[in-house]
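Chain by chain, the residues run as shown.
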Protein chains: 4
Amino acid sequence: VDLNSDMGEAFGVYRLADDEALLDFVTSANVACGFHAGDPETMIRTVEGAVRRGVRVGAHPSYRDLVGFGRRALDATPAEITADIIYQIGALDGVARACSTRVSYVKPHGALYNTMTVHQPTAQAVVAAVRAYDPSMPVLTLPGSAVIDAAAAAGVTALCECFADRAYTPEGRLVPRRQDGAVLVDEDAVVSRAVEMATAGTVEAIDGSRIEVHAASMCLHSDTPGAVALARRIRHALDMADVEVTPFT
Amino acid sequence: VDLNSDMGEAFGVYRLADDEALLDFVTSANVACGFHAGDPETMIRTVEGAVRRGVRVGAHPSYRDLVGFGRRALDATPAEITADIIYQIGALDGVARACSTRVSYVKPHGALYNTMTVHQPTAQAVVAAVRAYDPSMPVLTLPGSAVIDAAAAAGVTALCECFADRAYTPEGRLVPRRQDGAVLVDEDAVVSRAVEMATAGTVEAIDGSRIEVHAASMCLHSDTPGAVALARRIRHALDMADVEVTPFT
Amino acid sequence: VDLNSDMGEAFGVYRLADDEALLDFVTSANVACGFHAGDPETMIRTVEGAVRRGVRVGAHPSYRDLVGFGRRALDATPAEITADIIYQIGALDGVARACSTRVSYVKPHGALYNTMTVHQPTAQAVVAAVRAYDPSMPVLTLPGSAVIDAAAAAGVTALCECFADRAYTPEGRLVPRRQDGAVLVDEDAVVSRAVEMATAGTVEAIDGSRIEVHAASMCLHSDTPGAVALARRIRHALDMADVEVTPFT
Amino acid sequence: VDLNSDMGEAFGVYRLADDEALLDFVTSANVACGFHAGDPETMIRTVEGAVRRGVRVGAHPSYRDLVGFGRRALDATPAEITADIIYQIGALDGVARACSTRVSYVKPHGALYNTMTVHQPTAQAVVAAVRAYDPSMPVLTLPGSAVIDAAAAAGVTALCECFADRAYTPEGRLVPRRQDGAVLVDEDAVVSRAVEMATAGTVEAIDGSRIEVHAASMCLHSDTPGAVALARRIRHALDMADVEVTPFT
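Residues numbered from 1 in each chain as written. Chains lettered and ligands numbered in written order. Predicted model: local features only at pLDDT ≥ 70, side-chain atom pairs only at ≥ 80, totals over all residues. Heavy atoms only, no water.

**Things to note about the overall build of chain A**
In terms of regular secondary structure, chain A is built from 8 helices and 9 strands. Over its C-alpha atoms chain A spans a radius of gyration of 17 Å, differing by no more than 12% from the 18 Å that the globule rule assigns to 249 residues. Taken along the three principal axes of its C-alpha coordinates, chain A extends 45 × 35 × 30 Å. Taking all 249 residues of chain A together, 61% fall into the buried category. Carbon and sulfur atoms make up 49% of the accessible area of chain A, which amounts to about 9200 Å² in all. (Helix = DSSP H or I, 4+ residues; strand = E, 2+ residues; numbered from the N terminus. Rg over C-alpha atoms; globule rule 2.2 N^0.38 Å. Buried < 20%, exposed > 50% of the residue type's maximum accessible area, 1.4 Å probe, protein only. Areas by Shrake-Rupley, 256 points an atom, 1.4 Å probe, with all protein chains shown as cover.)

Have a look at this one:
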């Protein structure tokens, strides 16, 4: 299994997550590219930290919304979205190149991530950016996402990620956050779900049924209290279960 | 000879120069990368226009100063300057890649351009960025610039550009703008100086002596009134004089 | 009648409209406050120009979206919208104070203007900002706007503006732009509609019926080609018709 | 004595200092105005916290440099500096007005603060902004600052602040930070110096002599580790020494 986490979300003097600590547990780093977080020096520091540990670098592009941390949907045109994503992937790939690595995948951030899963023009705009930049680069998204069809139509690879702390519907989709029980807070349960997902490829859905989870990567949160401690526990439990934790790219 | 000009300096709804017209006369386009001008859609439009005409794309990075159009010196650290330039070259190179070309040289903008010619740490920071991104990429600068030594020490190529509308000292440096006669306004004189520079490699200095001008490229202004008309005249005069106008990279 | 127009929408080196010319024809200037356009020096220059001619200064706040010129809807929370508008009114009022005048009304810009007419929480957020800043300050909006009820509930004054170049429904609403015939391009017709609106308080609706137009102000566009010439014609026609053109505040 | 501290230096999701805790100990809050830190919601939250405790609100304007936190000198023109400061004071005063208070003084931030103490045109530009906005508003600066003369010439009040953790020259100036011993790290010493400054109006200079300190306010740092604990100790020691801690405005 691969473990991915959002990284490089500092900006200037501001810090958000303990990237250095988290980098010890993940295998793929979704690095902010400057539009919702991440100034160039932060990007270099983050990519250098990833390179030192053999962690793969993915682009984590966003709507241009620093004050809203990219969490607010923006009614941008598909052409704007495509251009903004190409710009951000390129900027991070420039940093990666200067650090002797390259960007190996794309995972959009925040509101852009959410919008592309349900809004066909946005999904196509994201896919168009990846295809224009490097059609061999996979995009991370959710089960059932609009990106999956858009990517297939464009000859781009869309891969799904899973979440050990999110409830699933019997159909394998995420239970929406606004619904009760959507986010699991019991850390023991989260850890054991992570292990089951990684070993058996299954998880218990919200109705008690056991469903299959097909995911190229498991997402660990970086900016919640206790994120590092939980990442450590999950990584340790996976190691104990003899799961090979290795980049998906 | 090569003719270069600043391009892509629109931002959102704002337009500055008539890039489409100018692209017909130049062979190298210094494309703004977002820090002083140039949003991603503008960058794509500009690079597409360059590709259609076989015009080479150069990065035109700046201090981060949109409201000041990059014309104000900023006391950034060398590490900040290096990171900012890598980010900007990468962003433009991403756009270039999406348009089936690549960035082939770097010419910093405005206050950063001026500072790097006289301030050793800034010159080294610029060169460090180019070296980290692609050591084979040349940097355009002025005769006598601090960048020349910094580039030589780092194994990077620094090339000089010349200006048909600027007065030269007998030593081959530009007469500072604040000095009387520093900028030539007589268009006929500018055109004939351009031709002499391109054919004989010489120009009349401000003291009346004739000096040698060693330049890889000649800079045409883009954002002054009459810029397009003057570019057309210079290009026409060079064509009439059988000068091959071709990219320097 | 009052004539209002968007002003101060330059940014740094970028210019958009010919504010100096337009200020000769309008009586109320909607001055950009920095979020979609308008740096502080531009704001000062614009307010000084207004003061010299006895033109009233209104705040023209926007979503924070410089690259999109505030034309893109942004899913901001009501608290964010309220805070952003208070900030922008205050900033412009600071400039006004330094120029010996004060902000006397508020007309939101672009996507924020459109959203507040149809989206109750946004309408309330706009009204909350005006009420917190100065409850005696009127807000300009459209007939049928959600702002009208929100303002009434909060004890704030909402006033409507009319457009000589937009088609009206028989109910007195604007015909949506996407509909054929929504925008009148015949300048003679626009001028005569302006005069009829100002003298008789009526206009011909899109179905040929004649409807009443109750408006505190008539909006003249500033950023379209020919905007100044049309403003001159309308102002001249109003003067010829002995209409007193005077600020609504 | 008055105690002032920088506040409201969060931005969007990013937090810097524990403003809520610090507000319990200070009497004047220098509130960031959006150019180096401080989005409008943060500004409202900060001013509300100040109002609840009777803490005075001062404007803390900066060069426009979010990524550099206003710590980098920027070669802005005096007119730009004046306009930027008017804009920022106005924006904060708008927020203050919405929170039933007003801005009562100005203390520039970071590089702008440092530059105005030594660079006459910048000092004059700062004073011009304050004078244009409200000539009765005092400006906080350092002993020996260029602002003092500029303010006197313009009929504006410049007041000095003191620092319990900074070494002083025998002439009453701050020892430059780059010099050994410029910043005191012994908290006991800092606390006792604060009490001596507030009670006797004196402090031991770096050469061992005892000098007079004439200051309207004492500055407490907000963004260093231990800032809150030290502020608590200083405030407690002042209370124990029967010093009345009260706003200087």
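**What about the relation of the copies chain A and chain B?**
With an RMSD of 0.0 Å, the fit of chain A onto chain B corresponds to turning through 180° and sliding 0.0 Å along the axis. Expressed as a symmetry operation, the mapping of one chain copy onto the other fits a two-fold axis. Across chain A, the rotation axis passes nearest the C-alpha of Ala91(A), at a separation of 2.0 Å. Comparing interface residues between copies, 100% of those in chain A also sit at the interface in chain B, which points to an isologous, same-surface contact. (Least-squares fit on C-alpha atoms with pLDDT ≥ 70 in both. Contact = heavy atoms within 4.5 Å.)

**A closer look at the packing of aromatic side chains**
Within this structure, the stated rule accounts for 16 aromatic pairs over all chains. Ring centres 5.7 Å apart and planes at 45° place the aromatic pair Phe35(C) and Tyr87(C) in the tilted group. Here Tyr87(C) lies in helix 3 (residues 78-98) and Phe35(C) lies in the loop between strand 2 (28-32) and helix 2 (40-53), a separation of 52 residues in the sequence. In terms of burial, Phe35(C) and Tyr87(C) fall into one category: buried. Seen from their ring centres, Tyr87(C) and Tyr87(D) are 6.0 Å apart, and the 70° between their planes marks the pair as edge-to-face. One end of the pair, Tyr87(C), is in helix 3; the other, Tyr87(D), is in helix 3 (residues 78-98), on a second chain. Note on accessibility: Tyr87(C) and Tyr87(D) belong to one class, buried. Through a chain of ring-to-ring contacts, the aromatic side chains of Tyr14(A), Phe69(A), Tyr14(D) and Phe69(D) assemble into a single cluster. Lying across the ring of Tyr133(A), Arg97(B) places its NZ or CZ 4.4 Å from the centre. Sitting over the ring of Tyr113(B), Lys107(B) keeps its end group 5.6 Å from the ring centre. (Phe/Tyr/Trp six-rings, centres within 6.5 Å; stacked < 30°, edge-to-face > 60°. Lys NZ or Arg CZ within 6 Å of the ring centre and 35° of its normal.)

**Side note on the interface of chain D and chain B**
Each partner contributes to the interface: chain D provides 8 residues, whereas chain B provides 8 residues. Taken together, the two surfaces of chain D and chain B that pack against each other cover about 840 Å², and 56% of this comes from carbon and sulfur. The largest contributions to the chain D side of the interface with chain B come from Arg72(D), Leu74(D) and Asp75(D), which together make up 56% of the buried area. Counting the contacts that link chain D with chain B gives 2 salt bridges. Here Glu80(D) and Arg72(B) are joined by a salt bridge, their closest N and O atoms 3.1 Å apart. At the surface where chain D touches chain B, the tally comes to 4 residue pairs in polar contact (both at pLDDT 80 or more). Class assignment of the residues belonging to the side of chain D that touches chain B gives a composition of 4 nonpolar, no polar and 4 charged. (Buried area = accessible area lost by both parts, 1.4 Å probe. Salt bridge = Lys/Arg side-chain N within 4 Å of Asp/Glu carboxyl O. Polar contact = N/O pair within 3.5 Å; in protein donor to acceptor, adjacent residues only side chain to side chain. Nonpolar A, V, L, I, M, F, W, Y, C, P; charged D, E, K, R; others polar.)

**Points about the environment of Gly144(D)**
Residues and elements named next belong to chain D. Along the chain, glycine 144 falls in the loop between strand 5 (139-141) and helix 6 (146-154). Expressed as a C-alpha distance, the spacing of glycine 144 and glutamate 171, which sit 27 residues apart in the sequence, is 9.3 Å. Residues contacting glycine 144, with those up to four places away along its chain left out, are Thr117 and Arg173.

**Some details on the pattern of salt bridges**
Residues and elements named next belong to chain A. For the structure shown, the criterion picks out 56 salt bridges over all chains. The closest approach of N and O atoms between arginine 210 and glutamate 196, which form a salt bridge, is 2.7 Å. With arginine 210 in strand 8 (residues 210-212) and glutamate 196 in helix 7 (residues 187-199), this pair connects stretches of sequence that are 14 residues apart.

**Observations concerning the nonpolar core**
Leu92(A), Leu92(B), Leu92(C) and Leu92(D) are the most contacted members of the largest nonpolar core, which totals 315 residues. Dropping the residues within four chain positions of it, Leu92(D) is found in contact with Val31(D), Cys33(D), Met43(D), Val47(D), Val57(D), Gly58(D), Ala59(D) and Val103(D). (Core = buried A, V, L, I, M, F, W, Y, C linked by side-chain atoms within 4.5 Å.)

**A few points about the interface of chain A and chain B**
Across the contact, 26 residues belong to chain A and 26 residues belong to chain B. Sorting the residues of chain A by area buried against chain B places Pro40(A), Tyr87(A) and Arg97(A) first, and these three jointly supply 32% of that buried surface. Where chain A meets chain B, there are 4 salt bridges. A salt bridge links Asp93(B) to Arg97(A); the shortest N-O distance between them is 3.7 Å. Viewed at the interface, chain B and chain A are joined by 4 residue pairs in polar contact (both at pLDDT 80 or more).

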